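The primary structure of each chain is shown beneath.
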Amino acid sequence: AMLAGLGTARAEPTEADYRRLNESLVERHIVPRYERLSEATAGLETSADSFCAAPSAPKLTALRGAYGAAADAWQGIQHVRFGPVELFMRSVRFAFWPDPRNTVGRQLTSTLAARDPEAVAQSAFDKGSIAVQGLPALERLLYGKDSAAALMASGDDARYPCTMITAIAHNLAVIAKDVEAAWTKGDRPLAAVISEAGPDNDRYRDPKEATLDLFKSLYSAIELVADHKLAKPLGESLVAARP
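Residues numbered from 1 in each chain as written. Predicted model: local features only at pLDDT ≥ 70, side-chain atom pairs only at ≥ 80, totals over all residues. Heavy atoms only, no water.

Caption draft 1: Region of the structure containing the pattern of salt bridges. Tallied over the entire structure, the rule returns four salt bridges. The partner of Arg20 in a salt bridge is Asp17, and the shortest N-O contact between them spans 2.4 Å. Taken as a pair, Arg20 and Asp17 lie in helix H2 (residues 15–53) at a separation of three residues, close to a single helical turn. For Asp126, the salt bridge is made with Arg93, and the minimal N-O distance between the two is 3.4 Å. One end of the pair, Asp126, is in helix H6 (residues 122–127); the other, Arg93, is in helix H4 (residues 90–94), and 33 residues separate them in sequence. Residue classification places Asp126 among the partly exposed residues on the basis of a relative accessible area of 47%. (Salt bridge = Lys/Arg side-chain N within 4 Å of Asp/Glu carboxyl O. Helix = DSSP H or I, 4+ residues; strand = E, 2+ residues; numbered from the N terminus. Buried < 20%, exposed > 50% of the residue type's maximum accessible area, 1.4 Å probe, protein only.)

Pasting the structure below:
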């Protein structure tokens with residue numbers, strides 16, 4: 001009887017099943033996480049502006065906390081690699097990682113040395129280097145060697161790094177808000193496009209195509225964790241590990 005049960009064919013999911021799955025994933029997983037990212041980066045921008053207006057140790061602690069909240073929010077949604085986040089290179093602009101050649105470090109050092117205000121204008125971020133405008137660059141500014149002392153210094157020594165901090169925080173808030181809006185607002189937000197998958201839909205001809213995009217995001221995220229977040233630091237042996 002058990003063998004007979006194992007051999008029983010299961011019914012294939014219907015179009016309605018795929019549609020319900022897609023709508024649930026969008027409404028309960030994707031949209032809330034983009035909302036969280038938008039809120040966290042807005043808080044980061046506010047905290048950065050407050051710190052740079054009048055630097056102090058308590059405000060730096062608060063700014064680092066706001067950075068942590070934004071970074072955590074990104075970790076919660078970075079696996080969604082299709083849709084608005086892929087337009088205008090938003091994903092890699094938000095977090096240029098992995099970075100095996102230390103592009104962030106080299107370009108950040110060069111930008112800080114040049115002290116060019118145009119290099120950190122939003123227009124420059126929209127078209128320029130992706131390495132100095134996201135979370136990894138901001139992390140180095142907030143947590144790098146002697147960063148606290150540099151940011152608390154008076155005069156020009158601290159002014160440009162703070163200009164970079166506020167510019168990056170603003171850029172992150174803009175990207176997060178734009179992506180959230182593209183999923184939920186306007187004439188044809190992506191949430192509605194997925195929900196309305198069908199023959200007349202120019203993006204998803206049937207709900208299963210949208211499910212495939214969602215599945216690919218999950219699968220790619222698992223590969224990224226395995227190959228980059230775990231395998232590289234662990235190394236091939238205990239001796240080669242880089243914790």
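Caption draft 2: The arrangement of the nonpolar core in detail. The biggest cluster of nonpolar side chains holds 56 residues, and the ones touching the most others in it are Tyr34, Leu44 and Trp183. Taken together, the elements giving at least two residues each to this core come down to H2, helix H3 (57–75), helix H5 (103–114), helix H7 (135–143), helix H9 (156–184), helix H10 (190–195) and helix H11 (207–234). Among the elements that take part in this core, H9 stands out by supplying twelve residues, more than any other. (Core = buried A, V, L, I, M, F, W, Y, C linked by side-chain atoms within 4.5 Å.)

Caption draft 3: Examining the environment of Ala173 more closely. Looking at where Ala173 falls in the secondary structure, it is placed in helix H9. Given a relative accessible area of 9%, Ala173 falls into the buried group. A sequence separation of 130 residues divides Ala173 from Gly43, and the C-alpha atoms of the two residues are 8.6 Å apart. The contacts of Ala173, once residues within four sequence positions are left out, are Thr41, Ala42 and Glu45. (Contact = heavy atoms within 4.5 Å.)

Caption draft 4: Up close: H2. An ideal rise of 1.5 Å per residue puts 57 Å on 39 residues; H2 measures up with 55 Å between its terminal C-alpha atoms. The largest bend in H2 comes to about 35 degrees, at Val26. (Expected span 1.5 Å × (residues − 1). Bend = angle between axes of the 7 residues up to and from the residue.)

Caption draft 5: Structural context of the layout of surface pockets. Volume-wise, the largest pocket comes out at about 470 Å³. Lining the largest pocket we find 19 residues, and of these Gln75, Ala95, Phe96, Trp97 and Pro136 sit closest to its centre. If you list the elements that add at least two residues to the lining of the largest pocket, you get H3, H4 and H7. When its residues are assigned to classes, the lining of the largest pocket shows eleven nonpolar, three polar and five charged. (1 Å grid on protein atoms, 1.4 Å probe; cavity = no way out; pocket = protein on both sides within 12 Å on 5 of 7 lines; lining within 4 Å. Points joined across faces, edges and corners; volume = space filled by probe spheres on them. Nonpolar A, V, L, I, M, F, W, Y, C, P; charged D, E, K, R; others polar.)

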